[in-house]
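# Report on the structure
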Amino acid sequence: MSARPRRGDDQRRQRILAVVDSIPRGRVATYGQVAIEAGLARRARLVGTILGHLPPRSPLPWHRVVNAAGTISLRPGAGASLQRRRLEREGVRFTAKGRIDLARYRWRPDV
DNA sequence: CGGTTGACTGTTT
DNA sequence: TAAACAGCCAACC
């Protein structure tokens, strides 16, 4: 009876991915925001960990997730430029310091 | 099985 | 505005 993967873990993962998948084009959400929407408050890091394990060709809009400071968390060389390119192509603008104005682009899901 | 690491964040300096 | 800190916890070694 051991080693059966825990259903709970996989469910949490799926819920996080579902939230990411629902972020509209041209808007962004923070890791913490995704965690809350998925019912996992304060698990921002888990969101990052899971996104980091996505397969390279994932159809998910993972690029619409940024950190609370409005900057890209990926390290240079790990896809950071790809994320920025994708966002800019959707109309999301970056400041000279590489920051996104969250007050303007943050996704606000309808309650 | 314990220690380290990291696509994080809110608070305090 | 920026840096330091503490809390967080799954994945890795």
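Preceding block: the structure.
Anyway, here's the lowdown on the structure attached to this text. Since the model is a prediction, treat every value here as computed from it, not as a measurement. (Residues numbered from 1 in each chain as written. Chains lettered and ligands numbered in written order. Predicted model: local features only at pLDDT ≥ 70, side-chain atom pairs only at ≥ 80, totals over all residues. Heavy atoms only, no water.)

### Some words on the nonpolar core
This is how it is decided: What makes a nonpolar core is a set of buried Ala, Val, Leu, Ile, Met, Phe, Trp, Tyr and Cys residues whose side-chain atoms join them at distances within 4.5 Å. Categorising residues by exposure relies on relative accessible area from a 1.4 Å probe, with only protein chains included: less than 20% of the type maximum marks a residue as buried, more than 50% marks it as exposed, and the intermediate range marks it as partly exposed. Numbered from the N terminus, helices here are DSSP runs of H or I no shorter than four residues, and strands are runs of E no shorter than two. Contacts: residue pairs with any heavy atoms within 4.5 Å of one another.
If you look at the biggest cluster of nonpolar residues, it comprises 19 residues, and the most contacted ones within it are Ile16, Val34, Val47, Leu51 and Val65. Of all the secondary-structure elements, those providing two or more residues to this core are helix H1 (7-21), helix H2 (31-37) and helix H3 (44-52). Here this core takes 4 residues from H1, the largest share from any one element. In this structure, valine 47 is in contact with Ile16, Tyr31, Val34 and Ala35, ignoring residues within four places of it in sequence.

### Digging into the pattern of salt bridges
Selection rule: The salt bridge criterion pairs a side-chain nitrogen of Lys or Arg with a carboxyl oxygen of Asp or Glu, the two atoms within 4 Å.
All told, the structure shown has 3 salt bridges when counted by the stated rule. Taking the shortest distance from any N to any O, the salt bridge between aspartate 9 and arginine 12 comes out at 3.1 Å. One end of the pair, aspartate 9, and the other, arginine 12, are both in helix H1, 3 residues apart, so they sit about a helical turn from each other. With relative accessibility at 30%, the residue arginine 12 sits in the partly exposed group. Put simply, arginine 64 and glutamate 90 hold a salt bridge, and the shortest N to O gap is 2.8 Å. You can see arginine 64 sitting in the loop between H3 and strand E2 (65-66) and its partner glutamate 90 sitting in the loop between helix H4 (80-89) and helix H5 (102-105), a full 26 residues away along the chain. Here the two residues arginine 64 and glutamate 90 agree in accessibility, since each one is buried.

### Concerning the protein's contact with DNA strand C
Here is the rule we go by: The near set for a molecule or strand comprises every residue that places at least one heavy atom within 4 Å of it. Distance and chemistry together define a polar contact, namely a pair of N or O atoms within 3.5 Å, with one atom able to donate a hydrogen and the other to accept it when in protein, and with adjacent residues in sequence counting only for side-chain atoms on both sides. Note on residue categories: nonpolar means Ala, Val, Leu, Ile, Met, Phe, Trp, Tyr, Cys or Pro, charged means Asp, Glu, Lys or Arg, and polar means any other residue, Gly included.
The environment of DNA strand C is made up of Arg12, Arg43, Arg45, Leu46, Thr49, His53, Lys97 and Arg99. Of everything in DNA strand C that lies within 4 Å of the protein, sugar and phosphate atoms constitute 71%. One nitrogen or oxygen atom from the side chain of arginine 45 is found 3.4 Å from a base oxygen belonging to DNA strand C. One of the side-chain N or O atoms of lysine 97 is found 3.2 Å from a phosphate oxygen in DNA strand C. Ranked by residues supplied to the surface near DNA strand C, first place goes to H3 with 3 residues. Of the residues in the surface near DNA strand C, the class split is 1 nonpolar, 2 polar and 5 charged.

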